[in-house]
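Structural characterization, general
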Amino acid sequence: MGIKVAKFGGSSLANATQFERVRAIVKGDDDIRFVVPSAPGKRNNNDEKITDLLYKLQSLANKDGFNKTYQKIEDRYSEIIKTLNIDLDLAADLEKVKTDILNGADADYAASRGEFLNGIILANYLGYEFIDAAEVICFDENGKLLFEKTNETMAKRLNDCNNAVIPGFYGAQPCGRVKTLSRGGSDVTGALVAGAINAEVYQNWTDVSGFLVADPRIVDNPDVIKYITYKELRELSYMGATVLHEEAIFPVRRAGIPINVKNTNAPLDEGTLIVQTIPDDYESKPITGVAGRKGFTVIAIEKAMMNSEVGFGQRVLDVLARRGVSFEHMPTGIDTLSLVISDVELSGKLDVIINDLNAVCNPDSIEIFKNLALIATVGQGMIRNIGISAKLFGALAKNNVNIRMIDQGSSELNIIVGVEIDDFEVAVCSIYNAFMKDEK
Ligand code: ASP
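Now for a quick tour of the structure. (Residues numbered from 1 in each chain as written. Predicted model: local features only at pLDDT ≥ 70, side-chain atom pairs only at ≥ 80, totals over all residues. Heavy atoms only, no water.)

On to the overall build of the protein. If you tally the helices and strands in the protein, you get 15 helices and 15 strands. Taken over the C-alpha atoms alone, the protein extends approximately 80 × 50 × 40 Å along its principal axes. In the protein, which comprises 440 residues, the proportion classed as buried is 51%. Pairs at least 24 residues apart make up 75% of the contacts formed inside the protein by residues separated by at least 6 positions. Across the protein, 47 positive and 61 negative side-chain charges occur, with their mean positions spaced 2 Å apart. (Helix = DSSP H or I, 4+ residues; strand = E, 2+ residues; numbered from the N terminus. Buried < 20%, exposed > 50% of the residue type's maximum accessible area, 1.4 Å probe, protein only. Contact = heavy atoms within 4.5 Å. Lys, Arg positive; Asp, Glu negative; His and termini not counted. Charge placed at Lys NZ, Arg CZ, Asp CG, Glu CD.)

This is how it looks when you write it as structure tokens:
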């Protein structure tokens, strides 16, 4: 069998009990040769993540509250070591973190120590070699991740290593300065390790049994997605589904390595497999997932004979570009063109944009529709199936949802509808029930 790389998130390593689960998973599968840990996460809703405590510690250097915060961090690690009953003295490492921060170490360095210290503990507990990520994850002088260099350095370093723990979330610049990835970046480290050693699979262990077809805060007990392609995942995460760190996809996708999202607390659950193509023998559903976001505005421009006016679209888009605003969709009719823009992008700029549009396009009218939500129904099964849109629009009509906008990407991978914000939840449930429960 090939090599597996297992990344464990903060909740999977929040306390000694979670470490025991992680050990059982790793020791239960000889193919898991490389392990990437996050820093200890929250043990309950009121708890603090070690990463957050470290950022706080750095901001409190030589101020009130420093010692108290430091103590919390030290206690978390000490408790894990003591409960696991391992032969490891972390005192010198902890002390160094403290003095470095008191001597002016920056926020990246401080935050990275969460993974660094946790990696030392996990390596000791598993009996694996510890490899400091600063050795193998390379950034340039400006703090940009150097993908090719990292790939090469990592591959070389891991080549003659049987088992190792490589802490997530950080690397180093050529000068040796520690640099972190963006928040949640251990996902990226895991993907970089998996890509470098051409792993058979990249396991991403967390506290849920994979991705859900819809948001469980909206749909009761939604199904788990068994297979999802990278492309579908991109569509769903863009529309607000919380999934992996966006940048974690690239290194494994490039190498054609599947990502398996699994649950540390229910390791026998299959989880979700993110793949390049769905296996032929898997009978996929017509839709893979439904996700959406609230907070969009439509600027609807109408002008007779717009279709024959050369450069009209360009003038409209130039206005947005000049104002530094990006748009999400641009549905068009013969004499109409609408711009769907997120409220965050538009903030404070709507009036000037309307003025600009009036000036350069001379339209018959411009109407503004606020309070829109967009919902993407995603599934590569759509490509082969007739009647998907009929089912989708039928379900929305049956539940009295007025559709304000429709857009289907040319990839035929998704159908996006715009609805009133107040209809958002009902719309998501209607679509889910129509496709997943075959509700008529
Ligand atoms: N510990 C870091 C964070 O909280 C990185 C990670 O967990 O992936 O963002």
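Turning to the site of the ligand, a few remarks are in order. Taken together, the residues surrounding the ligand are S38, K49, T51, E115, F169, R183, G184, G185 and S186. With respect to the ligand, the backbone of G184 contributes an N or O atom lying 2.8 Å from an oxygen atom. In isolation the ligand offers 260 Å² of accessible surface; the protein chains occlude 94% of this area. A class-by-class count of the residues in the shell around the ligand yields one nonpolar, five polar and three charged. (Near = heavy atom within 4 Å. Polar contact = N/O pair within 3.5 Å; in protein donor to acceptor, adjacent residues only side chain to side chain. Areas by Shrake-Rupley, 256 points an atom, 1.4 Å probe, with all protein chains shown as cover. Nonpolar A, V, L, I, M, F, W, Y, C, P; charged D, E, K, R; others polar.)

With that out of the way, let us pick up helix α1 (residues 16–27). Across its 12 residues, α1 extends 16 Å between first and last C-alpha, which sits within 8% of the 16 Å expected from 1.5 Å per residue. Among all positions of α1, only A16, Q18, F19, V22, I25 and V26 are buried. Where α1 is buried, its residues meet β1 (4–8), β2 (32–37), α3 (66–84), α5 (107–126) and β7 (201–206). For α1, the N-terminal capping position is held by N15, with its side-chain oxygen 3.2 Å away from the main-chain nitrogen of T17. (Expected span 1.5 Å × (residues − 1).)

What follows concerns the sheet that holds strand β9 (residues 259–263). Taking strand neighbours across the sheet as the criterion, the eight strands line up as β3-β4-β2-β1-β7-β9-β10-β8 in an open arrangement whose pairing is mixed. Every interior strand has two partners, whereas the edge strands, β3 (129–130) and β8 (227–229), have only one. Pairing of β1 with β7, which is carried by five bridges, proceeds in the parallel orientation. What sits directly across from V5, in β7, is Y202. The strands touched by helix α9 (residues 230–238) are β8, β9 and β10 (272–275); relative to β8, the strand with the most contacts, the crossing angle is about 85 degrees. (Pairing = 2+ DSSP bridges. Axes fitted to C-alpha atoms, helices over the stretch in contact; angles between N-to-C directions.)

So, on to the pairing of strand β13 (residues 365–378). The sheet contact formed by strand β11 (residues 289–302) and β13 spans 12 bridges and is antiparallel. Pairing of F296 across the sheet is with L372, part of β13. Note: β13 against strand β15 (residues 414–420), seven bridges, orientation antiparallel. Within β15, the residue paired with T377 across the bridge is I415.

Structurally, I403 can be placed in strand β14 (residues 403–408). For the pair I403 and A427, spaced 24 residues apart in sequence, the C-alpha separation works out to 9.5 Å.

Two elements in contact, helix α14 (residues 388–398) and helix α15 (residues 424–436), have axes separated by 9 Å at closest approach and are oriented at 135 degrees. Taken together, α14 and α15 sit at an angle that is classed as oblique. The chirality of how α14 crosses α15 is right-handed. The residues of α15 that touch α14, namely those facing I388, K391, L392, A395 and L396, are A427, S430, I431, A434 and F435. Looking at side-chain class alone, the contact of α14 with α15 contains eight nonpolar, one polar and one charged residues. (Parallel < 35°, antiparallel > 145°, perpendicular 65-115°, else oblique. Left-handed = near helix turned anticlockwise from the far one by under 90°.)

Take the pattern of salt bridges next. Across all of its chains, the model carries 21 salt bridges by this definition. E270 is the partner of K226 in a salt bridge, and the nearest nitrogen-oxygen pair spans 3.5 Å. Highlighted residues: K226 in the loop between β7 and β8 and E270 in the loop between β9 and β10, separated in sequence by 44 residues. The class of K226 is partly exposed, set by a relative accessible area of 33%. For E270, a relative accessible area of 53% puts it in the exposed group. Residue R323 is joined to D356 by a salt bridge in which the shortest nitrogen-to-oxygen separation is 2.8 Å. Residue R323 is located in the loop between α11 (312–322) and β12 (336–342), and its partner D356 is located in helix α13 (residues 350–361); the two are separated by 33 residues in the primary sequence. Assessed through its relative accessible area of 33%, R323 is described here as partly exposed. (Salt bridge = Lys/Arg side-chain N within 4 Å of Asp/Glu carboxyl O.)

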